[in-house]
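Read off the chains here:
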Amino acid sequence: MASQTADSMAPIMHFARPTVYGLTDWLTTGDHKKIGVLYAISSLIFLVIGGFEALLMRLQLAVPDNTFLDGHTFNGLVTMHATTMVFLAVMPLTAAFANYFIPLQIGARDVAFPRLNAFSFWTFLVGALIINASFFFGEGAPAVGWFGYAPLTGADYAGSGVDFWFLGLAALAVSSMVAGTNFIVTILNMRCPGMTLMRMPVLTWMIFIIQFLLAFSFPPILVGLILLGFDRMFGTVFYTVSMGGDPQLWQHLFWLFGHPEVYVLILPAMGIVSEILPVFSRKPLFGQSFIVFSGIFIGFVGFGVWAHHMFTAGMGPLADAAFATTTAIIAGPTGVKIFNGLATLWKAKITFTTPMLFALSFIPMFTIGGLSGIMLASPPLDIQVHDSHSVVAHFHYVLVGGSILALFGGLYFYFPKVTGRMMNETLGKIHFWLFLIGFNLTFFPMHFLGNQGMPRRIYTFPADAGWNVLNAMATIGVFFMVAGTALLAYNLIVSYQRGRLAGNDPWDASTLEWLTDSPPPVFNFYFTPTVRSERPMWDHKRTEGMQIEAPGTVEQIHMPSPSWIPIIVAVLIGVLLTGFLYTTFGSETAWMGFVVAASAALGLIISAYKWVTQPV
Ligand SMILES: [Cu+2]
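The model shown is predicted, which means the values in this text are computed figures rather than measured ones. Per-chain numbering applies: the sequence of each chain, read as written, is numbered from 1 onward. Only residues with pLDDT of at least 70 are given local features in this predicted model, and only at 80 or more are side-chain atom pairs given and counted; all residues enter the totals for whole chains, interfaces and linings. With hydrogens and water stripped out, all remaining heavy atoms of the structure feed into the side-chain values.

Observations concerning the overall build of the protein
Looking only at helices and strands, the protein features 17 helices and zero strands. Radius of gyration here is computed from C-alpha atoms only, and the compact-globule reference equals 2.2 Å multiplied by the residue count raised to the power 0.38. Taking 25 Å as the expected radius of gyration for a compact globule of 616 residues, we find that the protein reaches 24 Å, a close match to that expectation. Its C-alpha atoms give the protein principal-axis dimensions of about 75 × 60 × 45 Å. Relative accessible area decides the class of each residue, using a 1.4 Å probe on protein chains only: under 20% of the type maximum gives buried, over 50% gives exposed, and in between gives partly exposed. Put simply, the protein has 616 residues, and 59% of those count as buried. In the structure as shown, the protein presents an accessible area of about 24000 Å², 72% of it carried by carbon and sulfur atoms. By the counting rule applied here, Lys and Arg register as positive and Asp and Glu as negative, while His and the ends of each chain are not counted. Think of each charge as sitting on NZ of Lys, CZ of Arg, CG of Asp or CD of Glu. Distance from the positive charge centre (26 side chains) to the negative charge centre (29 side chains) of the protein: 13 Å. Working definition: helices are DSSP H or I runs of at least four residues, strands are E runs of at least two. Numbering for both runs from the N terminus. The Shrake-Rupley method, run with a 1.4 Å probe, gives the accessible areas here. Residue values count only the displayed protein chains as cover.

As for the coordination of the copper ion
Ligating atoms shown are N, O and S within 2.8 Å of the metal, or 3.2 Å for Na, K and Ca, and water is not included, meaning a site may look less than complete. Protein coordination at the copper ion comes from His259 (ND1), His308 (NE2) and His309 (NE2), with a distance range of 1.9 to 2.0 Å. Mapped onto the sequence, the residues coordinating the copper ion show the spacing H-x48-H-H. Within this pair, whereas His259 is found in helix 7 (residues 247-281), its partner His309 is found in the loop between helix 8 (288-301) and helix 9 (317-345), the two being separated by 50 residues in sequence. Since its relative accessible area comes to 21%, His309 is described here as partly exposed.

Considerations on the domain arrangement of the protein
You can read the domains of the protein as domain 1 (36-560) and domain 2 (565-616). Throughout the structure description, domain borders are defined by an automatic or database domain assignment. Each of domain 1 and domain 2 was reduced to a C-alpha centroid, and the two centroids are 30 Å apart. Whether two residues are in contact is decided by their heavy atoms: any pair within 4.5 Å suffices. In this complex, domain 1 contributes 18 residues to the contact, which on the side of domain 2 involves 18 residues. By buried area we mean the combined loss of accessible area, with a 1.4 Å probe, across both parts when two parts are placed together. Between domain 1 and domain 2, a total of about 1600 Å² is buried, with carbon and sulfur atoms accounting for 84% of that surface. Sorting the residues of domain 1 by area buried against domain 2 places Arg115, Phe119 and Leu167 first, and these three jointly supply 37% of that buried surface. Nitrogen and oxygen atoms within 3.5 Å of one another constitute a polar contact, given that in protein one can donate a hydrogen and the other can accept it, and given that sequence-neighbouring residues count only through two side-chain atoms. Taken together, domain 1 and domain 2 are joined by zero residue pairs in polar contact (both at pLDDT 80 or more). Going through the elements one at a time, helix 4 (114-133), helix 5 (161-189) and helix 6 (202-234) are the ones with two or more residues in the side of domain 1 that touches domain 2. Class assignment for the residues of the side of domain 1 that touches domain 2 results in 13 nonpolar, three polar and two charged. All amino acids are sorted into three groups, where Ala, Val, Leu, Ile, Met, Phe, Trp, Tyr, Cys and Pro are nonpolar, Asp, Glu, Lys and Arg are charged, and the leftover types, Gly among them, are polar.

What about the side chain of Ser403?
Here Ser403 shows up in helix 12 (residues 389-419). In terms of polar contacts, Ser403 uses its side chain to reach the backbone carbonyl oxygen of Leu265, at 2.8 Å. With residues up to four places along the chain from it excluded, the contact list for Ser403 reads Val90, Leu265, Ile266, Ala269 and Val398.

Remarks on a nonpolar patch on the surface
Nonpolar side chains collect at one region of the surface, where Ile226, Phe230, Phe234, Phe238, Leu249 and Phe594 lie side by side and expose about 530 Å² of accessible area between them. Take the nonpolar patch: its biggest share by element is three residues, from helix 6. Relative to the assigned elements, Phe594 resides in helix 17 (residues 591-613). Residues enter patches when their relative accessible area tops 30% and they take part in no salt bridge; the joining distance is 9 Å for like charges and 5 Å for the nonpolar side chains Val, Leu, Ile, Met, Phe, Trp and Tyr. Take a side-chain nitrogen of Lys or Arg and a carboxyl oxygen of Asp or Glu: if they are within 4 Å of each other, that pair is a salt bridge.

Some words on the pattern of salt bridges
Summed over the entire model, instances satisfying the criterion amount to seven salt bridges. Across the pair Lys541 and Asp508 runs a salt bridge, and its minimum N-O distance is 2.6 Å. Taken together, the residues span a long stretch of sequence, with Lys541 in helix 15 (residues 536-542) and Asp508 in the loop between helix 14 (468-498) and helix 15 at a distance of 33 residues. Residues joined in a network through salt bridges with shared partners are Arg282, Asp505, Asp508 and Lys541.

Quick word on the nonpolar core
One finds Phe87, Leu267 and Phe362 to be the most contacted residues of the largest nonpolar core, which totals 187 residues. At 21 residues, helix 3 (residues 71-105) tops the list of elements feeding residues into this core. Split by domain, this core shows at least three residues from each of two domains, domain 1 (36-560) and domain 2 (565-616). Not counting residues up to four positions away in its chain, the partners in contact with Phe87 are Pro92, Phe124, Trp146, Leu169, Leu172, Phe218, Phe257 and Glu261. For this analysis, a nonpolar core means a set of buried residues of the types Ala, Val, Leu, Ile, Met, Phe, Trp, Tyr and Cys, connected via side-chain atoms within 4.5 Å.

Examining the packing of helix 6 against helix 7
Here an angle of 0 to 180 degrees is reported between the N-to-C directions of two axes, which are lines fitted to C-alpha atoms, with helices fitted over the stretch in contact. Interhelical geometry of helix 6 versus helix 7 gives an angle of 165 degrees and a closest axis separation of 8 Å. The angle between helix 6 and helix 7 places the two elements in the roughly antiparallel class. Here helix 6 and helix 7 pass one another in a crossing that is left-handed. Its residues placed into classes, the contact of helix 6 with helix 7 shows 26 nonpolar, four polar and two charged. Roughly parallel here means an angle under 35 degrees, roughly antiparallel means over 145, roughly perpendicular means 65 to 115, and every remaining angle is called oblique. Here a crossing is called left-handed whenever its near helix is offset anticlockwise from the far helix by less than a right angle, and right-handed whenever the offset is clockwise.

Description of helix 10 (residues 354-376)
Given a rise of 1.5 Å per residue, 23 residues ought to cover 33 Å, and the 33 Å separating the end C-alpha atoms of helix 10 matches this to within 8%. At Phe362, helix 10 shows its strongest bend, of approximately 30 degrees, with the proline Pro364 following within four residues. By this rule, a helix spans an expected 1.5 Å times one less than how many residues it contains. Here the bend at a residue is taken as the angle between two axes, fitted respectively to the seven residues that end there and the seven that start there.

Structural notes on the environment of Arg115
By the element assignment, Arg115 lies in helix 4. Between the C-alpha atom of Arg115 and that of Gly229, which follows or precedes it by 114 residues, the distance is 29 Å. If near-sequence neighbours (up to four positions away) are discounted, Arg115 is found in contact with Ser561, Pro562, Ser563, Pro566, Trp611, Gln614, Pro615 and Val616. Within the structure, the side chain of Arg115 is placed 3.3 Å from the backbone oxygen of Ser561, a separation counted as a polar contact.

Some points on the packing of aromatic side chains
Stacked, tilted and edge-to-face are the three classes applied to pairs of Phe, Tyr and Trp rings, where Trp contributes its six-membered ring and a pair requires centres within 6.5 Å; stacked means planes under 30 degrees apart, edge-to-face means over 60, and tilted covers the rest. Considering all chains together, one arrives at 48 aromatic pairs under this definition. Aromatic ring contacts, followed pair by pair, group Phe87, Trp146, Phe147, Tyr149, Trp165, Phe218, Tyr239, Trp250, Phe254, Trp255 and Phe257 into a single cluster.

If you want it as structure tokens, here you go:
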């Protein structure tokens, strides 16, 4: 480990080969960087699975009256594609960036609760596996749509797939709320000297904001899922109208979660774009504090718009008007982010690297999604196109045109820091154009299909509806996206093995993660940095006297020791949920499910005791 004194300030360039860790290292790690890599690998695998599910759906809708898939299978794919992309691809890929880079951006050696953080990853994986296990057991995958409206999810209408879905989602809810607690405490307590809240990078701020969104939005859906579980397993009637229950209760509980969830998906992506734009414009981000405050504003108001998903549920003109107004208000701070991005580019000397191309494409693509969002916020307009392909176009422009394009940009931007090597720029640029053209070819026609009356979630359509050409275009577009994503996978693997060496700071960036080695040592920094502005690395490299200070002596660094407890507790939660699942199979051995669940609960109590008594 290199010692650094005040006069040797140039960061030591370490062309270290990433250490190869054994399986035990990965299973017992408390290192936020390794947990970030685990989230990245699992989310990219689920991105491919979700993409494949979408490909099958588009093959079915390539031509009218197609018989490639039957209706139930198609509905299962619709449900699993959305659930996978939202909960198992975009959210965990965001968690990958949060885990790897937040401690580095705030100049910290670690997160506040490394084991809790590891537990949140393994619980996420347990939830993801339970949801996908639905394909292989009982009546197959849930076929109720990703927002699982009651009473369709009730035991009278939906098979075992829904039990896998709601129990898996419950595990994901626990994982997210635990992760949220860890990051809120880390960001508030572990910043290095001089790293005031308003000096934190925008990515850290957006991750900070969504932790509160996660902490406050998951409880409503967890309650909704528990009530659904009771209705399905114990015959209660929370959502059964004829018995005095109310299916709209589910809609409110789901969207109280569901809308803040869309900001959980988009704000970090906006944060990544805010990191990339200034670096390749060679200019500071325009109005950084405005971008931060607009993110905070969106976080708050985002909890007051949920029923704009229910304009056709008969809430009445007063509620419609109220939720239309709050939704329109959110367009303001969202616009601030777009205009500040454009202002950063104004008169800039732009370098068109692959990460910059993705970040630039975010602006127009997300804006198209935002504009159709404003239209959908008006009840009279929404009632015309509700549940049509116009809505499908809208949320894919914000979630693919927004989140996915930005996250892809983040992969190319941060790969050098994680691996010590650069990704191939030529392959990157081909990926960019294939994906961008494919994305627009797939989803832009859907605006027109929706206006022409094509509902969403239909597994086929008649030949005389006039939707043939636009559907064929949409299906061709998916093949471009598949080809682009395959090129990304190839580039990631090949560049990891023999990409050009990157060094600490290949992009000449401004934030602290670029101060340390690529990849960073397990303790992150050789010394605790002291910063004086939002752009410590630019100060450090460009301004005499604005050096990142280093103490005279090398610090004694204690890092958490590996532990099996986080993964054991997560697996026990999986066993507990599987026990409950088994009871729903209605066989005479159903009681065994309770035995399994009870023993898992006992195991959880014992391991919880071990957890709190085991030294870190
Ligand atoms: Cu919404």
